[in-house]
Amino acid sequence: MIRGVIIMNDKGKPRLVKFYDFQPLEKQQELIRSIYRTLCNRPENVSNFVKVDSLFGPDTRLVYKTFATLYFIFVFDTSENELAMLDLMQVLVETLDKCFSNVCELDIVFNFKKVSSSL
């Protein structure tokens, strides 16, 4: 099951956050900061798949991909296929590219409703 989708810039500022199970606002902010710290400390030559049991509980994984200045992050459990999540992320980015003709951070900020409805 997909547990959350996060789009943040390379400075750690969340641009779109959608959790599919309830998380209080304070917990969401803490999770986003922890995810950002985790991603920033990873070398470029490692996998885009991260085990995040300590943040979300057992058997939880995170897949991320960087496009320009944006991190696209999916959080999911082990019932989902990691490569399928990566492919789904690619489809999301391609869809946003078609909507905004080369999506950028400002497109997400100023068209929040349009972007969030695609999730």
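Going by the structure above, here's the rest.
Residues numbered from 1 in each chain as written. Predicted model: local features only at pLDDT ≥ 70, side-chain atom pairs only at ≥ 80, totals over all residues. Heavy atoms only, no water.

**Q** Sorry, what's going on with the layout of surface pockets here?
**A** Any empty space left between the atoms is revealed when a probe the size of a water molecule rolls over them. The space that makes up the largest pocket amounts to roughly 160 Å³. What lines the largest pocket is simply Leu-39, Arg-42, Pro-43, Glu-44, Val-46, Asn-48, Tyr-64, Thr-66 and Tyr-71. Here the residues of the lining of the largest pocket sort into 5 nonpolar, 2 polar and 2 charged. (1 Å grid on protein atoms, 1.4 Å probe; cavity = no way out; pocket = protein on both sides within 12 Å on 5 of 7 lines; lining within 4 Å. Points joined across faces, edges and corners; volume = space filled by probe spheres on them. Nonpolar A, V, L, I, M, F, W, Y, C, P; charged D, E, K, R; others polar.)

**Q** Any chance you could explain the sheet that holds strand S5 (residues 70–77) here in plain terms?
**A** In a beta sheet, neighbouring strands are held together by backbone hydrogen bonds and run either parallel or antiparallel to one another. Strand order in this open sheet of 5 strands is S2-S1-S5-S4-S3, and the pairing throughout is antiparallel. Bordering the open sheet on either side are strand S2 (14–19) and strand S3 (49–51), each of which pairs with just one other strand. The mean angle between the axes of side-by-side strands here comes to 15°, regardless of whether they run parallel or antiparallel. Pairing analysis gives 7 bridges linking strand S1 (residues 2–9) to S5, with the strands arranged antiparallel. Note that in S5 the partner of Met-8 across the bridge is Tyr-71. Along the sheet, helix H1 (residues 25–40) contacts S1, S2, S3, strand S4 (60–67) and S5; its crossing angle with S1, the most-contacted strand, is approximately 65°. (Pairing = 2+ DSSP bridges. Helix = DSSP H or I, 4+ residues; strand = E, 2+ residues; numbered from the N terminus. Axes fitted to C-alpha atoms, helices over the stretch in contact; angles between N-to-C directions. Contact = heavy atoms within 4.5 Å.)

**Q** Looking at this structure, I do not really get the nonpolar core. What am I missing?
**A** Most often, soluble globular proteins have nonpolar side chains that are buried together. Residues Ile-7, Val-63, Phe-72, Phe-74, Leu-96, Ile-108 and Val-115 are the most contacted members of the largest nonpolar core, which totals 17 residues. Where this core is concerned, the elements lending two or more residues are S1, S5 and helix H3 (82–100). Sort the elements by how many residues they give to this core and H3 lands first, with 6 residues. Once you skip the residues sitting within four places of it in the chain, Val-115 turns out to touch Leu-16, Leu-96, Phe-100, Asp-107 and Ile-108. (Core = buried A, V, L, I, M, F, W, Y, C linked by side-chain atoms within 4.5 Å. Buried < 20%, exposed > 50% of the residue type's maximum accessible area, 1.4 Å probe, protein only.)

**Q** Hey, could you run me through H1 in this one?
**A** Structurally, the α-helix is built with 3.6 residues per turn, so residues lying three or four positions apart point the same way. With 16 residues, H1 extends 23 Å from end C-alpha to end C-alpha; this agrees with the ideal 22 Å at 1.5 Å per step. Along H1, the residues that are buried comprise Leu-31, Ile-32, Ser-34, Ile-35 and Leu-39. The arc that holds the buried residues of H1, viewed along the axis, is 170°, so those residues lie on one side. Packing partners of the buried residues in H1 comprise S1, S2, helix H2 (53–56), S4 and S5. (Expected span 1.5 Å × (residues − 1). Arc of directions from axis to C-beta.)

**Q** How should the pattern of salt bridges be read in this particular structure?
**A** Oppositely charged side chains are able to pair whenever their charged atoms sit close together. On inspection of all chains with the given rule, the structure shows 4 salt bridges. When the shortest N-O distance is used, the salt bridge between Arg-3 and Asp-21 registers 3.1 Å. Here Arg-3, found in strand S1, pairs with Asp-21, found in the loop between S2 and H1; they are 18 residues apart in sequence, far enough to count as distant. For Glu-105, the salt bridge is made with Arg-15, and the minimal N-O distance between the two is 2.7 Å. With Glu-105 in helix H4 (residues 105–110) and Arg-15 in strand S2, the pair connects residues that are 90 residues apart, well separated along the chain. With relative accessibility at 23%, the residue Arg-15 sits in the partly exposed group. (Salt bridge = Lys/Arg side-chain N within 4 Å of Asp/Glu carboxyl O.)

Coordinates in, geometry out; function isn't part of it.
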